[in-house]
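Residues per chain, in single letters:
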Amino acid sequence: MKKLLCACLIVAMLVTLTACGGTGDGKASGEKIVLNVHMNGDPVAIDPAFAYDNASSLVVNQITESLLTHNPDNTLKPNLCKSFEATDPCTYVYQIRDDVTFSDGTPMTMDDVIYSIRRHLDADLGSYMNWFFANVTSVEATGEWEMTIKLAEPQATWQYVLATSAGMIVQKKFCEEHAGEVGSASVGIIGTGPFVFEKWENGSKVILKKNENYWDKAAKTNVDEIVFSIIADDTTIATALKSGQVDLSWDFSSKLVETIQGFDNVELKSWSGMGIEYLAFNNMRKPFDEVNVRKAIAYAIDLDSIFNNVIKDSGIKGDLLPMTDSLFTVEADRWKQYVKDHGGHVYDLDKAKEYLAASSVPNGFDFTMYVSQARSQAYDVALVVQQNLKALNINAEIVTLTQDEVYAYQFGNILDAEGIRDYDCLVTTWGADYPDPSANLDPLFNIANIGAGGYNCAAYSNETVDSLLNQAVTTTDESQRMELLFQACDIIIEDEPYYVYNYTKGFAAFNKNWSLGDMNYTCAWDWNFKDVVYNG
């Protein structure tokens, strides 16, 4: 009965995709070129202020554009600005392009630029990007096409901020006229990007149309319409790729890699990612507030078994450091030696039992693990962990949630009556915002990110670590900055608030009738389809 139901659901999903315009070769009737894209959940909002997950970014990046972007090697380059420079350690000056138009044909002005950046500072808006601006004292127009941002203290990582959705430009007039509705299914948003918001059917799809007023005449795309279809089931995703009903999939379970490699009509790209997958123990909820409990669990997890049976070649075995070597962009040799010196996770049941015996729950306990139903590989990892922990009489109940629900918990938007994150443990993922060790350390371990809208989903609170991270932010001498981060990592490794099990590889699957141009695959902020071309 279950198999029959599953088959019916797959057929229903594929019928839906076909109804959206796909015919298996990227075209619909009348030769309109439709790009059918898979995503695993609804956007949080169609607004760069809330585009901090893959689904939101994938859509928003087509409608709005940032002042800076990245080259394929992740170095910075101008986008909606012509140039930028730090005139002193606390002053950044951006020369803005004067030839950009919004999708309604009106010119982008300095008012729009200043408004777009200042919006993230508005506490009433609650922008997910607000934490990027904690050190900003002013955002001003200092010339006809010049913007100057001043910082309270030097900040080595500020250079990267405006290459994220924090630097995307929206139309001030539209946002003011639609206050309270911006980013919703009813109005969407107006930006400068190659596509325009058309429709959002919650739980089903988002449709964008070609921007007929797109300012960048060098753009190569011949796409008339993009249909983002929400599919959470692995079998349905694979079937849709093989049949051609889906042309492009970015955010699929790594379990599908071997299957997709066998499709003659699909090209699979892979790269070393900047992401990590982990168990986040809620350090503000008993018994996970005890380091002995966290260490007991860590020693009880058989990571070799997880890789041999679940992850295989689709990832890289995680270790005690909460970042991949893709972030070792400063003093890489020192970081590599640090990893070598500290080693990785060790499976040792005797030690696990010793740590649990020293805790307040020596006889075991019950807890729940939340995992996304859209990430089947993470669910399989949770099953292995569940089985491993039985040796300690720890009973882990696995609860599957929608991806949207996982993001809500991860970003601190669901709290209990006492204002504490309302979960025991999350099995989830984090992708660095920029190629620097601070890109993981600041959001995941800073005390300021524990509450609503923050990304410290272990609710980890250590005043010494906080002080070291905050000192590192304002240190411009790179060697001194790295030394502060090493000291913070020493404490973090000892406290083990997260169990990092996988350094992710990135994958994109796309139909061979399509070319993606020179898009930078490795960074979610750069998933822009302006050079995507249908060649069928």
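All values reported here derive from a predicted model rather than from experimental measurement.

Draft legend 1. A look at the confidence of the model for the chain. Here the chain averages 91 in pLDDT, and 94% of its residues register 70 or above. Note on residues 1–24: pLDDT under 50 across the span, and 34 contacts to partners over four residues away in sequence or across chains.

Draft legend 2. Main features of the packing of helix α9 (residues 332–342) against helix α15 (residues 478–495). Interaxial distance between α9 and α15 falls to 12 Å at its minimum, and their mutual angle equals 20 degrees. On the basis of the axis angle, α9 is roughly parallel to α15. As for how α9 packs across α15, the hand of that crossing is right-handed. Contacts from R334, W335, Y338 and H342 in α9 reach S479, M482, E483, L485, F486, C489, D490 and I493 in α15. Grouping the amino acids of the contact of α9 with α15 by side-chain chemistry returns 7 nonpolar, 2 polar and 3 charged.

Draft legend 3. Expanded view of the environment of V291. Checked against the element boundaries, V291 lands in helix α7 (residues 291–300). Using a relative accessible area of 30% as the deciding quantity, one classes V291 as partly exposed. Sequence spacing of V291 and M274 is 17 residues, and the spatial spacing of their C-alpha atoms is 27 Å. The contacts of V291, once residues within four sequence positions are left out, are E494 and D495.

Draft legend 4. A look at the pairing of strand β1 (residues 34–39). Among the 6 residues that make up β1, 6 are buried, leaving the element largely enclosed by the rest of the structure. Of the two faces of β1, the one holding V34, N36 and H38 and the one holding L35, V37 and M39 are both buried throughout. Looking at chain direction, β1 and strand β10 (residues 225–230) are connected through 6 bridges and run parallel. Among the inter-strand pairings, N36 is bridged to a residue of β10, identified as V227.

Draft legend 5. Up close: the nonpolar core. By size, the foremost hydrophobic cluster in this structure holds 127 residues, and its most contacted members are M147 and F529. Ignoring any residue separated from it by four or fewer positions in sequence, one finds F529 in contact with L35, V37, L58, Q62, F195, T221, I226, F228, L248, W250 and M519. Among the nonpolar cores identified, the runner-up in size contains 36 residues, and A352, L356, V385 and C425 belong to it.

Draft legend 6. Structural view of the packing of helix α13 (residues 438–445) against helix α14 (residues 463–473). At their nearest, the axes of α13 and α14 sit 11 Å apart, and the two run at 135 degrees to each other. The orientation of α13 relative to α14 falls into the category oblique. Here α13 runs over α14; the crossing is left-handed. Here L441, D442 and F445 of α13 come into contact with α14, specifically with D466, L469 and V473. The residue makeup of the contact of α13 with α14, split by class, is 4 nonpolar, no polar and 2 charged.

Draft legend 7. Just the sheet that holds strand β4 (residues 81–88), in detail. On the basis of which strands lie adjacent, the open sheet formed by 4 strands has the order β4-β5-β7-β6 and antiparallel pairing. Both edges of this open sheet fall to β4 and β6 (136–143), since each of them pairs with a single strand only. Neighbour-to-neighbour, the strand axes of the sheet open up by a mean angle of 20 degrees, direction not taken into account. Bridging between β4 and strand β5 (residues 91–96) involves 6 bridges; their strand directions are antiparallel. By the bridge assignment, F84 is partnered in β5 with Y94.

Draft legend 8. Broad picture of the side chain of N282. For N282, the position within the fold is in the loop between β12 (266–281) and α7. Under the relative-accessibility criterion, N282 is labelled buried at 0%. There is a polar contact of 2.8 Å between the side chain of N282 and the backbone oxygen of R421. From its side chain, N282 meets the backbone oxygen of Y423 in a polar contact 2.8 Å long.

Draft legend 9. The arrangement of the environment of F174 in detail. Inspection of the secondary structure puts F174 in helix α4 (residues 172–177). Using a relative accessible area of 8% as the deciding quantity, one classes F174 as buried. Apart from the residues within four sequence positions on either side, F174 is in contact with V187, G188, I189 and I190.

Draft legend 10. Highlighting the side chain of N446. Examined against the element boundaries, N446 turns out to sit in the loop between α13 and α14. Judged by its relative accessible area of 8%, N446 is buried. From its side chain, N446 meets the backbone nitrogen of A448 in a polar contact 3.1 Å long. Apart from the residues lying within four places of it in its own chain, the contact partners of N446 are L441, N456, D466, L469 and N470.

What counts as what
- Residues numbered from 1 in each chain as written.
- Predicted model: local features only at pLDDT ≥ 70, side-chain atom pairs only at ≥ 80, totals over all residues.
- Heavy atoms only, no water.
- pLDDT = per-residue confidence, 0-100.
- Contact = heavy atoms within 4.5 Å.
- Axes fitted to C-alpha atoms, helices over the stretch in contact; angles between N-to-C directions.
- Helix = DSSP H or I, 4+ residues; strand = E, 2+ residues; numbered from the N terminus.
- Parallel < 35°, antiparallel > 145°, perpendicular 65-115°, else oblique.
- Left-handed = near helix turned anticlockwise from the far one by under 90°.
- Nonpolar A, V, L, I, M, F, W, Y, C, P; charged D, E, K, R; others polar.
- Buried < 20%, exposed > 50% of the residue type's maximum accessible area, 1.4 Å probe, protein only.
- Pairing = 2+ DSSP bridges.
- Core = buried A, V, L, I, M, F, W, Y, C linked by side-chain atoms within 4.5 Å.
- Polar contact = N/O pair within 3.5 Å; in protein donor to acceptor, adjacent residues only side chain to side chain.

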